[in-house]
Amino acid sequence: MDSVNASKKIAPKTGADNGNPINYGDNRQKTIRSLSIGDCIKRKSTGGWNSAMVLLANQGLATLAFFGVGVNLVLFLTRVLGQDNASAANNVSKWTGTVYLFSLVGAFLSDSYWGRYLTCAIFQLIFVSGLVLLSLASWLFLIKPEGCGDGEQVCMPVSLIGTALFYLATYLVAFGYGGHQPTIATFGSDQFDEANPKERSSKAAFFCYFYFALNVGSLFSNTFLVYYEDNGKWTMGFWLSTGSAVIALVSFLLGSPGYRYIKPCGNPLPRVAQVFVAAARKWHVVPADECQLYEVEGSESAIKGSRKILHSSEFGCLDKAATSTEEDQIGPINPWRLCTITQVEEAKCIIKMLPIWLCTIIYSVIFTQMASLFVEQGAVMNSHIGTTNFHLPAASMSAFDICSVLIFTGIYRQILVPLAGRLSGNPKGLTELQRMGIGLVIGMLAMVAAGVTELARLKHAIPGKNSSSLSIFWQIPQYVLVGASEVFMYIGQLEFFNGQAPDGIKSFGSSLCMASISLGNYVSSMLVNMVMSVTARGGSPGWIPEDLNRGHMDRFYFLIAVLTAADLVVYVYCAKWYKCINVEENSKVGIQNDGDADEGMLSRV
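The structure displayed is predicted, hence computed values, not measured ones. Think of each chain on its own: its residues are numbered from 1, step by step along the sequence as written. Thresholds applied to this predicted model are a pLDDT of at least 70 for local features of residues and 80 or more for the giving and counting of side-chain atom pairs; totals over whole chains, interfaces and linings are not thresholded and use all residues. Values reported for side chains reflect all heavy atoms of the structure, with hydrogen atoms and water molecules removed beforehand.

**A short note on the packing of helix 13 (residues 476-500) against helix 14 (residues 506-535)**
- Axis geometry follows a simple rule: fit a line to the C-alpha atoms, using only the stretch in contact for helices, then measure angles between N-to-C directions, giving values from 0 to 180 degrees. Strands here mean DSSP runs of E at least two residues long; helices mean DSSP runs of H or I at least four residues long; both are numbered from the N terminus. Between helix 13 and helix 14, the least distance of the axes is 7 Å, while the angle of their chain directions is 145 degrees. Seen from above, helix 13 lies across helix 14 with right-handed handedness. Together, Tyr490, Gln493, Leu494, Phe497, Asn498 and Gly499 of helix 13 and Lys506, Gly509, Ser510, Leu512, Cys513, Met514, Ser516 and Ile517 of helix 14 make up the contact between the two elements. With the far helix as reference, a near helix turned anticlockwise by less than a right angle produces a left-handed crossing, and one turned clockwise produces a right-handed crossing. Note on contacts: a residue pair qualifies if any of its non-hydrogen atoms lie within 4.5 Å across the two residues.

**What about the state of the cysteines?**
- Two cysteine sulfurs form a disulfide in these notes if their separation is within 2.5 Å. For the structure on display, the rule yields 1 disulfide.
- Residue Cys148 pairs covalently with Cys155 via a disulfide, S to S 2.0 Å. Its S-S torsion of about 95 degrees marks the bond between Cys148 and Cys155 as right-handed, since a negative value means left-handed.
- Exposure remark for Cys148: the relative accessible area of 0% places this residue in the buried category.
- Each residue's exposure class comes from its accessible area (1.4 Å probe, protein chains only) as a fraction of the maximum for that residue type: buried when under 20%, exposed when over 50%, partly exposed otherwise. The class for Cys155 is buried, based on a relative accessible area of 10%.

**Quick look at the environment of Ile560**
- Looking at the element boundaries, Ile560 is found in helix 15 (residues 553-577).
- With 197 residues separating them along the chain, Ile560 and Tyr363 place their C-alpha atoms 9.2 Å apart.
- Each residue touching Ile560, except ones within four places of it in the same chain, is listed here: Val365, Ile366, Gln369 and Met447.

**Examining the packing of aromatic side chains**
- Aromatic contacts are taken between Phe, Tyr and Trp rings whose centres are within 6.5 Å, Trp giving its six-membered ring; a plane angle under 30 degrees counts as stacked, one over 60 as edge-to-face, and the others as tilted. Throughout the structure, instances matching the rule amount to 37 aromatic pairs.
- Pairing Phe66 with Phe67 gives two aromatic rings, centres 5.1 Å apart and planes at 75 degrees, and the pair type is edge-to-face.
- On the basis of relative accessibility, which here comes to 2%, the residue Phe66 falls in the buried class.
- Taking the centre distance of 5.2 Å and the plane angle of 85 degrees together, the rings of Phe367 and Tyr490 count as edge-to-face. Taken as a pair, Phe367 in helix 9 (residues 361-368) and Tyr490 in helix 13 lie far apart in primary sequence, 123 residues in all. Tyr490 shares its class with Phe367; the two are buried.
- Within the aromatic cluster, the residues linked to one another by ring pairs are Trp49, Phe192, Phe206, Phe207, Tyr209 and Phe210.
- To sit over a ring, a charge needs its Lys NZ or Arg CZ within 6 Å of the ring centre and within 35 degrees of the ring normal. Sitting over the face of the ring of Trp283, Lys320 holds its NZ or CZ atom 4.5 Å from the ring centroid.

**Details of the side chain of Glu432**
- Position of Glu432 relative to the elements: it lies in helix 12 (residues 432-459).
- Apart from the residues lying within four places of it in its own chain, the contact partners of Glu432 are Gly492, Glu495 and Phe496.

**Points about the packing of helix 3 (residues 85-142) against helix 14**
- Where helix 3 contacts helix 14, the axes come no closer than 7 Å and their chain directions differ by 160 degrees. Compared by their axis directions, helix 3 and helix 14 come out roughly antiparallel. Where helix 3 crosses over helix 14, the two elements pack in a sense that is left-handed. Oblique is the label for every angle not falling under 35 degrees (roughly parallel), over 145 degrees (roughly antiparallel), or within 65 to 115 degrees (roughly perpendicular).

**Quick look at the nonpolar core**
- Formed by 136 residues in total, the largest nonpolar core has its most connected members in Phe66, Phe76, Phe127, Ile356, Ile544 and Phe556.
- With 14 residues, helix 3 is the largest single contributor of residues to this core.
- Once residues lying within four places of it in the same chain are set aside, the contact partners of Phe556 are Gln369, Leu373, Leu527, Val528, Val531, Trp543 and Ile544. The definition of a nonpolar core used throughout is a set of buried Ala, Val, Leu, Ile, Met, Phe, Trp, Tyr and Cys residues joined through side-chain atoms within 4.5 Å.

**Some details on helix 7 (residues 268-281)**
- The first and last C-alpha atoms of helix 7 sit 20 Å apart over 14 residues, in line with the 20 Å expected at 1.5 Å per residue.
- Looking only at helix 7, the buried set comprises Pro268, Pro270, Arg271, Val272, Gln274, Val275, Ala278 and Ala279.
- The inward-facing, buried residues of helix 7 contact helix 3 and helix 8 (341-359).
- Here helix 7 starts with a cap whose side-chain oxygen sits 2.9 Å from the backbone nitrogen of Leu269, and that cap is Asn267. Here, expected helix span is obtained from the residue count minus one, scaled by 1.5 Å. Side-chain atoms alone can form a polar contact between residues adjacent in sequence; in general such a contact is a pair of N or O atoms within 3.5 Å, and within protein one must be able to donate a hydrogen while the other accepts it.

**Quick notes on the pattern of salt bridges**
- For this analysis, a salt bridge means a side-chain nitrogen from Lys or Arg found within 4 Å of a carboxyl oxygen belonging to Asp or Glu. Per the counting criterion, the structure on display carries 11 salt bridges.
- Put simply, Glu346 and Arg271 hold a salt bridge, and the shortest N to O gap is 2.8 Å. With Glu346 in helix 8 and Arg271 in helix 7, the pair connects residues that are 75 residues apart, well separated along the chain.
- Taking relative accessible area as the criterion, Glu346 reaches 1% and is therefore assigned buried.
- Lys348 serves as the salt-bridge partner of Asp319, at 2.9 Å between the closest nitrogen and oxygen.

**Here we look at a nonpolar patch on the surface**
- On the surface, Leu136, Trp139, Leu140 and Trp239 cluster together into a nonpolar patch covering about 400 Å² of accessible area.
- At 3 residues, helix 3 tops the list of elements feeding residues into the nonpolar patch.
- On the secondary structure map, Leu140 appears in helix 3.
- Classification of Leu140 by relative accessible area gives partly exposed; the value is 45%. Grouping into patches uses exposed residues only, defined as over 30% relative accessible area, and leaves out salt-bridged ones; the cut-off is 9 Å for like charges and 5 Å for nonpolar side chains (Val, Leu, Ile, Met, Phe, Trp, Tyr). Note that accessible areas follow from Shrake-Rupley with a 1.4 Å probe, and for residues the cover is restricted to the protein chains shown.

**Digging into the confidence of the model for the protein chain**
- Confidence in the prediction of the protein chain, expressed as mean pLDDT, is 81, and 86% of residues score 70 or more.
- Taken together, the stretch residues 1-45 has pLDDT below 50 and engages in 127 contacts with residues farther than four places along the chain or on a different chain.
- Ignoring residues within four places in sequence, the model shows residues 588-605, a span with pLDDT below 50, making 59 contacts including any to other chains. Per-residue confidence from the predictor is reported as pLDDT, which spans 0 to 100.

Structure, rendered in structure tokens:
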């Protein structure tokens, strides 16, 4: 195992750790195997903002391609595949959930085996393949006759092979984009060295610009591409998305010589499992004092590529795994019986992050409404601008969300951070946990605004038609509020989970943000099914029927707002309980330049 290999000679920590060999037990001498320079981190060039800018451009182009498919998917399902509103909303939620669920797969492969660079490259190839297949399936099988699916011309029934190719293509897109997302975020942050104060500040800013680039990319797909797709030019929209993804992949590969690379740190699953197994095997053992818990000596960690993590008082029962007994001192060290403090703390970090992560799922339920019910709501509103014949696609309203993100990102970086920093004394302004809490509050207000808009829409419903005379621009407040909440919630999540994740599972930390969106989509689908099963009894059309004028979608929005308020109470409690990770500042890992090692050992604090 990478964590503690029985063949390595390592010694337990004592109160006077001086890095020298120690005799204990049967007086056999245990020595330390230090990591060689370049064992874990290989710097092929300077990294920094030059490389980060290439990755930000890659993120923007890939996002443009992804949302060229995703933002209008609910209308494609209803207009081209002939699905009803509730089924289409559920299918979009499931698909979007699958996208971000695959982020866990990408994070695992990145941290454990492939490394960030190779993982990004492979999943982008899968992403491009899915887009090519979707474009071909749309051209050859789905859009018949040409120009159908524009809300007026009805498409022919889709063949079985056309449907199969469509779902295969969309889930290849989900797999490729999902696996790429957390890895590109972590790979971008790798371009900055935390040991350098200036680069450490740049690393914190990177996540803000990363989300900014994501929204710049989606702005084009939510305006230009959506307009063409909404007018029946679906195939053109899909081919443009494909072209964007190809450019993103090529630019990523061309930037290869300038990246800073961090090698994978090994499979974390056995390391975490060893902690729980070792603690269970010593269930009746009293945990040792903090200074007597087992740890390798010197500045290196037993986990390849990870700084040492200092002991924390939470979940004290797991300290039994790092408590050395007489049996542990007989024969080679068994990692399934004796773990280092860093190993135990890695497991504790995962456990401590889970309650915070679970509290973010309800927010993701709010976020997913933009791709489903917000679009369906806007599709039955008056989308004409003034007295002109120009028709604004319902999915294009998400451009207000994107613009809100871009504007509030600037406001946050340039105004709120300096102001809050002066008031609180924290150079970051607000902590990540505080920002996430503010995001929950604003998201709840967005659902209230959506419910109020729906009430107004129903008052202006046109009798005998599934439409309303209320202007679609009434949706602007709910989109703007969701965008403002994203700046606080999702950027806060990226910084929090990446910063609090131990060195060996950084991509996993970034993937928790994506996994939250995934489960949020599944929870949204479950809520829709539950609400419809309860409210559609006895001949009632239910809250979200095919004819929205006969339903009460406003009640569904208010239900989400109430659930968010309850979630906020739990979140505040969890945020107050949470204790941040504490790494040992003098832990070091090797850095290597092209063919030389003139920088020696560089501290990553």
